[in-house]
Amino acid sequence: GVTDYTAKMNRQYYGKGIKEVLEAFQEKYHIQASIDAIVAKSNEYYLDFARRNTIVFPEMFKLVKKLKASCYPLALASGSSLEIIEDILAAAQLGDYFDLIISSEKVGKSKPEPDVFLETARRLAVEPAHCLVLEDSPYGVMAAQRAGMSCIAVPSGNLSALHDCFFKADLLLENGMSDFSADKAFEWIQSDGLAV
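In this text, all values refer to a predicted model and were calculated from it rather than measured experimentally.

Q: Tell me about the pattern of salt bridges, and please be specific about residues and values.
A: Evaluated as defined, the whole model comprises seven salt bridges. Residue Asp99 pairs with Lys68 through a salt bridge whose shortest N-O separation is 3.2 Å. With Asp99 in the loop between helix H5 (82-91) and strand S2 (100-103) and Lys68 in helix H4 (residues 58-69), this residue pair connects regions lying 31 residues apart in the sequence. Accessibility expressed as a relative area gives 45% for Asp99, which makes it partly exposed.

Q: Which residues make up unusual backbone geometry, and what values go with them?
A: Trans is the prevailing form of peptide bonds, just as negative phi is the prevailing case for residues other than glycine. Looking along the chain, the bond that leaves Lys111 and enters Pro112 is cis, with omega of 20°. As for its placement among the helices and strands, Pro112 is situated in the loop between S2 and helix H6 (115-124). Located in the positive-phi region is Cys71, a residue other than glycine, with phi close to 70°. By secondary structure assignment, the location of Cys71 is in the loop between H4 and strand S1 (75-78). Judged by relative accessible area, Cys71 falls into the exposed class, the value being 59%.

Q: Which residues make up the nonpolar core, and what values go with them?
A: The biggest cluster of nonpolar side chains holds 19 residues, and the ones touching the most others in it are Leu63, Leu67, Tyr72, Leu74, Phe180 and Ile189. Counting only elements with at least two residues in this core, the list comes to H4, H5 and helix H8 (182-191). Apart from the residues within four sequence positions on either side, Leu74 is in contact with Val64, Leu67, Lys68, Tyr97, Phe98, Asp99 and Leu100. Judged by nonpolar contacts, the second largest core, of 18 residues, contains Ile102, Ala147, Met149 and Ala169.

Q: Give a detailed account of the pairing of S1, specifying residues and quantitative values.
A: For S1 and S2, the ladder comprises four bridges, and the chain directions are parallel. When the bridges of S2 are listed, Ser78 appears paired with Ser103. Remark: the S1/H5/S2 crossover connection has right-handed handedness.

Q: I'd like to hear about the pairing of strand S4 (residues 150-153), residue by residue, with values.
A: Along S4, one buried face is formed by Ser150 and Ile152 and the opposite face, lined by Cys151 and Ala153, is buried too. After leaving strand S3 (residues 132-135), the chain enters helix H7 (residues 138-146) and then returns to the sheet as S4, a path that is right-handed. Pairing geometry for S4 and strand S5 (residues 171-172), over two bridges, is parallel. Among the inter-strand pairings, Ile152 is bridged to a residue of S5, identified as Leu171.

Q: So what about the packing of aromatic side chains? Which residues, and what values?
A: Applying the stated rule across the entire model yields two aromatic pairs. Their ring planes at 85° and their centres at 5.5 Å tell us that Phe61 and Tyr97 sit as a pair that is edge-to-face. Pair noted here: Phe61 is in helix H4 and Tyr97 is in the loop between H5 and S2, with a separation of 36 residues, a long-range link. Accessibility expressed as a relative area gives 24% for Phe61, which makes it partly exposed. Seen from the ring of Phe186, Lys66 lies directly overhead, with NZ or CZ sitting 4.8 Å from the centre.

Cut-offs used in this document
Residues numbered from 1 in each chain as written. Predicted model: local features only at pLDDT ≥ 70, side-chain atom pairs only at ≥ 80, totals over all residues. Heavy atoms only, no water. Salt bridge = Lys/Arg side-chain N within 4 Å of Asp/Glu carboxyl O. Helix = DSSP H or I, 4+ residues; strand = E, 2+ residues; numbered from the N terminus. Buried < 20%, exposed > 50% of the residue type's maximum accessible area, 1.4 Å probe, protein only. Core = buried A, V, L, I, M, F, W, Y, C linked by side-chain atoms within 4.5 Å. Contact = heavy atoms within 4.5 Å. Pairing = 2+ DSSP bridges. Right-handed = clockwise from strand over helix to strand, strands pointing away. Phe/Tyr/Trp six-rings, centres within 6.5 Å; stacked < 30°, edge-to-face > 60°. Lys NZ or Arg CZ within 6 Å of the ring centre and 35° of its normal.

As C-alpha coordinates, then:
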(Lines give C-alpha, C1' and ligand atoms only; values in the text may rest on other atoms or scores of the structure.)
Protein backbone atom coordinates (compact mmCIF):
# COMPACT_ATOMS: atom_id res chain seq x y z
CA GLY A 1 0.00 0.00 0.00
CA VAL A 2 0.89 3.67 -0.18
CA THR A 3 2.61 5.15 2.87
CA ASP A 4 2.63 8.85 3.69
CA TYR A 5 6.17 10.14 4.09
CA THR A 6 6.29 12.36 7.15
CA ALA A 7 8.76 14.97 8.39
CA LYS A 8 9.57 12.65 11.29
CA MET A 9 10.49 9.86 8.87
CA ASN A 10 12.64 12.29 6.88
CA ARG A 11 14.62 13.40 9.94
CA GLN A 12 16.77 10.24 10.02
CA TYR A 13 17.98 10.94 6.47
CA TYR A 14 18.49 14.71 6.65
CA GLY A 15 21.98 15.70 5.56
CA LYS A 16 22.87 12.34 4.01
CA GLY A 17 23.76 11.88 0.35
CA ILE A 18 20.79 11.53 -2.01
CA LYS A 19 21.99 8.26 -3.52
CA GLU A 20 22.46 6.68 -0.10
CA VAL A 21 18.97 7.78 0.98
CA LEU A 22 17.35 6.45 -2.18
CA GLU A 23 19.20 3.14 -1.87
CA ALA A 24 17.66 2.80 1.60
CA PHE A 25 14.21 3.54 0.13
CA GLN A 26 14.80 1.06 -2.70
CA GLU A 27 15.46 -1.69 -0.18
CA LYS A 28 12.77 -0.69 2.33
CA TYR A 29 9.98 -0.36 -0.23
CA HIS A 30 11.20 -3.15 -2.61
CA ILE A 31 11.49 -0.80 -5.60
CA GLN A 32 12.46 -2.71 -8.75
CA ALA A 33 13.87 0.21 -10.79
CA SER A 34 17.65 0.73 -10.94
CA ILE A 35 19.17 3.16 -8.46
CA ASP A 36 20.26 5.41 -11.35
CA ALA A 37 16.65 5.61 -12.60
CA ILE A 38 15.39 6.37 -9.08
CA VAL A 39 17.99 9.12 -8.58
CA ALA A 40 17.15 10.64 -11.98
CA LYS A 41 13.41 10.72 -11.20
CA SER A 42 14.03 12.12 -7.71
CA ASN A 43 16.26 14.85 -9.16
CA GLU A 44 13.58 15.72 -11.71
CA TYR A 45 10.93 16.16 -9.02
CA TYR A 46 13.26 18.02 -6.69
CA LEU A 47 14.54 20.45 -9.31
CA ASP A 48 11.00 21.32 -10.38
CA PHE A 49 10.08 22.05 -6.77
CA ALA A 50 13.33 23.84 -5.89
CA ARG A 51 13.30 26.18 -8.90
CA ARG A 52 9.92 27.49 -7.76
CA ASN A 53 10.52 27.51 -4.01
CA THR A 54 14.18 28.19 -3.21
CA ILE A 55 14.67 31.22 -0.98
CA VAL A 56 18.10 32.69 -0.28
CA PHE A 57 18.33 33.84 3.32
CA PRO A 58 19.44 37.50 3.13
CA GLU A 59 21.88 37.25 6.07
CA MET A 60 23.53 34.12 4.66
CA PHE A 61 23.86 35.80 1.26
CA LYS A 62 25.38 38.82 3.00
CA LEU A 63 27.95 36.56 4.71
CA VAL A 64 28.87 34.86 1.43
CA LYS A 65 29.45 38.29 -0.17
CA LYS A 66 31.55 39.48 2.82
CA LEU A 67 33.71 36.35 2.72
CA LYS A 68 34.19 36.59 -1.02
CA ALA A 69 35.13 40.26 -0.79
CA SER A 70 37.71 39.35 1.87
CA CYS A 71 39.25 36.72 -0.44
CA TYR A 72 38.28 33.64 1.55
CA PRO A 73 38.14 30.57 -0.71
CA LEU A 74 34.52 29.38 -0.73
CA ALA A 75 33.20 25.92 -1.53
CA LEU A 76 29.82 24.27 -1.49
CA ALA A 77 30.10 20.62 -0.41
CA SER A 78 26.80 18.75 -0.46
CA GLY A 79 25.24 15.32 -0.52
CA SER A 80 22.94 16.40 -3.34
CA SER A 81 23.62 15.52 -6.97
CA LEU A 82 25.97 17.92 -8.76
CA GLU A 83 23.23 18.72 -11.29
CA ILE A 84 20.91 19.85 -8.49
CA ILE A 85 23.60 21.89 -6.71
CA GLU A 86 24.56 23.76 -9.89
CA ASP A 87 20.96 24.31 -10.96
CA ILE A 88 19.90 25.72 -7.59
CA LEU A 89 22.97 27.97 -7.38
CA ALA A 90 22.22 29.31 -10.85
CA ALA A 91 18.56 29.93 -9.97
CA ALA A 92 19.64 31.73 -6.79
CA GLN A 93 22.38 33.67 -8.64
CA LEU A 94 25.00 32.34 -6.22
CA GLY A 95 27.18 30.25 -8.53
CA ASP A 96 29.83 32.90 -9.12
CA TYR A 97 30.61 33.20 -5.41
CA PHE A 98 32.03 29.69 -5.03
CA ASP A 99 35.52 28.59 -6.04
CA LEU A 100 34.52 24.94 -5.84
CA ILE A 101 31.27 22.98 -5.97
CA ILE A 102 31.48 19.34 -4.94
CA SER A 103 29.01 16.48 -4.45
CA SER A 104 29.68 13.63 -2.04
CA GLU A 105 28.38 11.31 -4.79
CA LYS A 106 31.75 11.73 -6.50
CA VAL A 107 34.12 11.40 -3.52
CA GLY A 108 33.22 8.30 -1.52
CA LYS A 109 31.07 8.02 1.57
CA SER A 110 28.51 10.71 2.33
CA LYS A 111 28.00 12.59 5.58
CA PRO A 112 28.42 11.82 8.49
CA GLU A 113 31.69 10.56 7.04
CA PRO A 114 34.15 13.41 6.38
CA ASP A 115 35.05 12.44 2.78
CA VAL A 116 33.38 15.37 1.00
CA PHE A 117 34.86 17.95 3.39
CA LEU A 118 38.36 16.46 3.27
CA GLU A 119 38.26 16.34 -0.54
CA THR A 120 37.08 19.96 -0.57
CA ALA A 121 40.03 21.02 1.60
CA ARG A 122 42.41 19.05 -0.63
CA ARG A 123 41.13 20.70 -3.80
CA LEU A 124 41.29 24.15 -2.24
CA ALA A 125 44.79 23.40 -0.90
CA VAL A 126 43.73 24.41 2.62
CA GLU A 127 44.50 22.43 5.78
CA PRO A 128 41.31 21.00 7.35
CA ALA A 129 42.12 22.76 10.64
CA HIS A 130 41.87 26.08 8.77
CA CYS A 131 38.47 25.28 7.27
CA LEU A 132 35.07 26.34 8.54
CA VAL A 133 31.89 24.43 7.76
CA LEU A 134 28.43 26.03 7.97
CA GLU A 135 25.92 23.24 8.50
CA ASP A 136 22.19 22.84 9.02
CA SER A 137 22.11 19.05 9.57
CA PRO A 138 23.40 16.82 12.38
CA TYR A 139 25.19 14.54 9.89
CA GLY A 140 26.99 17.57 8.48
CA VAL A 141 28.15 18.66 11.93
CA MET A 142 29.45 15.13 12.57
CA ALA A 143 31.27 15.12 9.24
CA ALA A 144 32.89 18.49 9.98
CA GLN A 145 34.10 17.23 13.35
CA ARG A 146 35.49 14.04 11.84
CA ALA A 147 37.31 16.15 9.23
CA GLY A 148 38.94 18.23 12.00
CA MET A 149 37.23 21.42 10.81
CA SER A 150 35.53 24.23 12.72
CA CYS A 151 31.75 24.29 12.43
CA ILE A 152 28.96 26.82 12.77
CA ALA A 153 25.67 24.94 13.13
CA VAL A 154 22.50 26.66 11.93
CA PRO A 155 19.85 23.95 12.46
CA SER A 156 16.83 23.72 10.21
CA GLY A 157 13.70 21.66 10.59
CA ASN A 158 12.35 20.78 14.04
CA LEU A 159 14.17 23.22 16.34
CA SER A 160 12.29 22.02 19.43
CA ALA A 161 14.17 18.71 19.38
CA LEU A 162 17.76 19.42 18.34
CA HIS A 163 19.99 16.41 17.74
CA ASP A 164 22.80 16.06 20.30
CA CYS A 165 25.35 16.49 17.50
CA PHE A 166 24.45 20.15 17.12
CA PHE A 167 25.75 20.89 20.62
CA LYS A 168 29.21 19.71 19.57
CA ALA A 169 29.55 22.46 16.96
CA ASP A 170 32.02 25.27 17.67
CA LEU A 171 29.18 27.76 17.40
CA LEU A 172 25.53 26.75 17.62
CA LEU A 173 22.65 29.04 16.68
CA GLU A 174 19.90 27.13 18.47
CA ASN A 175 17.07 28.99 16.75
CA GLY A 176 18.44 28.42 13.27
CA MET A 177 18.37 31.22 10.70
CA SER A 178 16.32 33.47 12.97
CA ASP A 179 19.49 33.76 15.12
CA PHE A 180 21.87 34.24 12.20
CA SER A 181 23.70 37.52 11.66
CA ALA A 182 26.21 37.90 8.84
CA ASP A 183 28.18 40.54 10.74
CA LYS A 184 28.39 38.44 13.91
CA ALA A 185 29.30 35.29 11.98
CA PHE A 186 32.01 37.17 10.07
CA GLU A 187 33.40 38.58 13.32
CA TRP A 188 33.43 35.09 14.85
CA ILE A 189 35.22 33.66 11.82
CA GLN A 190 37.94 36.28 12.04
CA SER A 191 38.35 35.89 15.80
CA ASP A 192 38.55 32.08 15.47
CA GLY A 193 41.85 32.30 13.63
CA LEU A 194 40.39 31.53 10.22
CA ALA A 195 41.30 34.88 8.70
CA VAL A 196 43.09 34.70 5.33
